[in-house]
Structures are given as structure tokens and as C-alpha cells.
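Single-letter residue listing:
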Amino acid sequence: MDLDRSERNEIAKAIVAILQEEAPGSVTELHGSLAEGKADSYSDIDLLWEVRDEDFTALCYGLEETLSRVRAIASLRFDIKTQRSTKHRRAFVRFSGLPLFWWVDLEIFARSIRCERHFDEDNPLARGAEWSYTHSALMCAVAAIKAQLRGRGSTALELVSSGFQKIAVPVTGANAWERIEALVDAVYDADDAQALLAAEVKSLLLQASAVRR
């Protein structure tokens with residue numbers, strides 16, 4: 001696995017620069033393990049983007065085009081389960097050619113919402129559109145692989161079980177590695193649209209299991 005941390009750091013810096021360029025006066029902050037100096041080779045990129053209320057909707061709609069100036073985008077999804085307001089979004093982004101571990105977790109807040117921490121959770125419009133459960137299941141597999149590499153076996157089992165749950169398939173496999181493989185194979189068989197990503201995850205799984213076994 002080619003996990004050059006300097007490349008991830010450069011990508012993070014580029015994202016911050018592009019977001020600031022797209023919305024002058026906005027605030028972009030690095031969060032999580034990268035910000036705390038505790039990141040390992042498998043850590044993803046956590047960011048928060050605070051924008052003016054009047055710019056929020058347009059910036060969310062244009063996010064894919066904006067981030068594609070950093071690098072070609074493999075996927076961009078808004079997470080409806082953590083979306084708590086019409087002025088709050090959480091996006092998961094994968095850039096083409098980067099390790100699957102290095103997804104971008106970007107929270108976007110309108111300035112008033114972030115300051116007041118007032119979320120209109122009862123508003124149906126706050127929740128956004130559904131996303132692909134098969135894609136989400138594969139990302140559970142990636143997270144489970146990451147947990148295995150970190151020696152967190154129980155976390156890996158929880159993540160892979162969540163992936164099976166998303167696609168309504170019974171959990172199979174005697175251990176975490178076998179369960180991850182079974183999950184990836186189930187998605188590959190079930191959804192042609194996710195076949196390429198499933199193949200990438202399968203390749204990652206083979207490399208990771210060779211490292212840990």
C-alpha cells in the first residue's frame with residue numbers, strides 16, 4: 001500500500017485553499033487527528049467549512065465542481081443521517097487516485113447555525129436525499145479494513161456488521177477478514193454501479209490482510 005502522508009497533507013492544504021478561494025471570508029478548519037497531530041497513515045481528512053448564510057445553498061450545490069479543482073472526484077455524498085439543519089451538510093468525498101482510506105469528511109455550516117447550534121431536526125427539508133446503500137456498505141468495509149490494520153478487531157466487526165445491515169444481507173464469515181470479503185462480494189454481485197469500487201476495496205483488502213496476517 002502506498003500511503004505517503006506528505007501527499008495527504010498536500011491534498012488537505014489544497015482543499016483548504018480552494019474552499020477559501022471559492023468563498024472569501026469563509027472559515028475552513030482542519031479537524032480530527034490531522035489537526036491534533038495524531039494522524040497515522042490510515043487517517044482520513046476531516047474539515048469544517050463555515051460560510052455566510054446567504055452563500056450556503058449555492059456553495060453546497062457547487063461543491064463537486066469546486067473540489068474537482070483540487071483533483072478529479074471519484075464520489076461525493078451528503079450524509080442525511082447527520083444532517084441536522086437546512087443550513088448544515090456533511091459531505092464525504094473520495095478523490096480519484098488516492099488511497100481509499102483518505103476520504104474527506106467535510107462539514108459545512110452556515111455561520112448562524114454554527115454560532116447558535118440550533119438544528120431544525122424536525123424539518124423534512126433538513127434531511128436531504130437518500131444515498132446509495134451499496135456504496136455506503138463498501139465504505140463500511142474500508143473503515144473495517146482500517147480498524148483491522150490498527151489492531152481494533154471489535155471495531156472492525158461492528159463496522160462490517162453495519163455494512164451487511166445496510167444491504168439487508170446476513171453476516172457471513174468466521175472472522176473479520178472473511179466477513180469483509182463476503183460483504184464486498186455481496187455488493188459486487190448486487191449492484192453493477194458499484195462494481196469498480198468493490199474491486200478497489202477487494203484489492204485493498206488483499207493488501208491489508210497480507211500486512212496483518
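First things first, this report covers the structure right here in the doc. (Residues numbered from 1 in each chain as written. Predicted model: local features only at pLDDT ≥ 70, side-chain atom pairs only at ≥ 80, totals over all residues. Heavy atoms only, no water.)

Some words on the overall build of the chain
Next, step 1: Scanning the chain for helices and strands turns up nine helices and five strands.
Next, step 2: Taken from the N to the C terminus, the helices and strands of the chain come in the order α-β-α-β-α-α-β-β-β-α-α-α-α-α.
Next, step 3: Residue burial in the chain is summarised as follows: out of 213 residues, 46% are buried.
Next, step 4: Sequence-distant contacts, at least 24 apart, represent 64% of the contacts inside the chain between residues at least 6 apart. (Helix = DSSP H or I, 4+ residues; strand = E, 2+ residues; numbered from the N terminus. Buried < 20%, exposed > 50% of the residue type's maximum accessible area, 1.4 Å probe, protein only. Contact = heavy atoms within 4.5 Å.)

Comments concerning the nonpolar core
Next, step 1: Formed by 63 residues in total, the largest nonpolar core has its most connected members in Ile15, Trp49, Phe95, Phe101, Ile145, Ile180 and Val201.
Next, step 2: Here this core gets 10 residues from one element, more than from any other, and that element is helix α6 (residues 133–149).
Next, step 3: Trp49 has contacts with Leu19, Ala23, Ser26, Val27, Thr28, Leu59, Leu63, Leu106, Glu107, Ile108 and Phe109, leaving out every residue within four places of it along the chain. (Core = buried A, V, L, I, M, F, W, Y, C linked by side-chain atoms within 4.5 Å.)

Thoughts on the environment of Val211
Next, step 1: Mapped onto the elements of the fold, Val211 is located in helix α9 (residues 195–212).
Next, step 2: For the pair Val211 and Leu149, spaced 62 residues apart in the sequence, the C-alpha separation amounts to 8.0 Å.

Looking at the sheet that holds strand β1 (residues 27–31)
Within a sheet, each strand pairs with its neighbour through backbone hydrogen bonds, oriented either parallel or antiparallel.
Next, step 1: Spatially, five strands are ordered β1-β2-β5-β4-β3 in an open sheet, and the strand pairing comes out mixed. The open sheet has two free edges, formed respectively by β1 and β3 (73–78), since each of these has just one partner strand. Going from strand to strand, the sheet's axes swing by 20 degrees on average, the running direction of each strand aside.
Next, step 2: Two strands pair when backbone bridges link them, and β3 and strand β4 (residues 88–95) are joined in this way by five bridges, in the antiparallel orientation. When the sheet's bridge partners are listed, Ser75 is paired in β4 with Arg94. (Pairing = 2+ DSSP bridges. Axes fitted to C-alpha atoms, helices over the stretch in contact; angles between N-to-C directions.)

Description of helix α1 (residues 5–22)
One full turn of an α-helix is made of 3.6 residues, so residues set three or four places apart face in the same direction.
Next, step 1: Here α1 spans 26 Å end to end across 18 residues, near enough to the 26 Å set by a 1.5 Å rise per residue.
Next, step 2: Where α1 is concerned, the buried positions are Arg8, Ile11, Ala12, Ile15, Ile18 and Leu19. Take α1 and look down its axis: the buried residues cluster within an arc of 130 degrees, on one side only. Facing away from the buried side of α1 by more than 90 degrees, the exposed set consists of Lys13 and Glu21.
Next, step 3: Where α1 is buried, its residues touch β1, α2 (32–36), β2 (45–51), α4 (63–67), β4 and β5 (104–110). (Expected span 1.5 Å × (residues − 1). Arc of directions from axis to C-beta.)

Quick notes on the pattern of salt bridges
Next, step 1: The full count for this structure, using the stated rule, is 12 salt bridges.
Next, step 2: Residues Asp40 and Arg150 are paired through a salt bridge, measuring 2.9 Å at the closest nitrogen-oxygen approach. In this pair, Asp40 is assigned in the loop between α2 and β2 and Arg150 in the loop between α6 and α7 (153–166), connecting sequence segments 110 residues apart.
Next, step 3: If you follow the salt bridges from partner to partner, you end up with Glu21, Glu22 and Arg69 in one network. (Salt bridge = Lys/Arg side-chain N within 4 Å of Asp/Glu carboxyl O.)

What to know about the pairing of β2
Along any regular strand, the residues point their side chains to alternate faces of the sheet.
Next, step 1: Within β2, seven of the seven residues are buried, which leaves the element mostly enclosed by the surrounding structure.
Next, step 2: The alternating pattern of β2 places Ile45, Leu47, Trp49 and Val51 and Asp46, Leu48 and Glu50 on opposite faces, both of which are buried.
Next, step 3: Summarising the sheet, β1 and β2 pair through five bridges and their orientation is antiparallel. Note on β2: the bridge partner recorded for Leu30 is Leu47.
Next, step 4: As judged from the seven bridges shared by β2 and β5, these two strands associate in the parallel manner. Pairing of Leu48 across the sheet is with Glu107, part of β5.

Here's the deal with the packing of α6 against helix α8 (residues 176–190)
Next, step 1: Taken N-terminus to C-terminus, the directions of α6 and α8 make an angle of 160 degrees; their axes are 10 Å apart at the nearest point. Between α6 and α8, the crossing angle belongs to the class labelled roughly antiparallel. α8 is crossed by α6, and the crossing has left-handed handedness. Together, Thr134, Ala137, Leu138, Ala141, Ala144, Ile145 and Gln148 of α6 and Ala176, Trp177, Ile180, Leu183, Val184 and Val187 of α8 make up the contact between the two elements.
Next, step 2: Grouping the amino acids of the contact of α6 with α8 by side-chain chemistry returns 11 nonpolar, two polar and no charged. (Parallel < 35°, antiparallel > 145°, perpendicular 65-115°, else oblique. Left-handed = near helix turned anticlockwise from the far one by under 90°. Nonpolar A, V, L, I, M, F, W, Y, C, P; charged D, E, K, R; others polar.)

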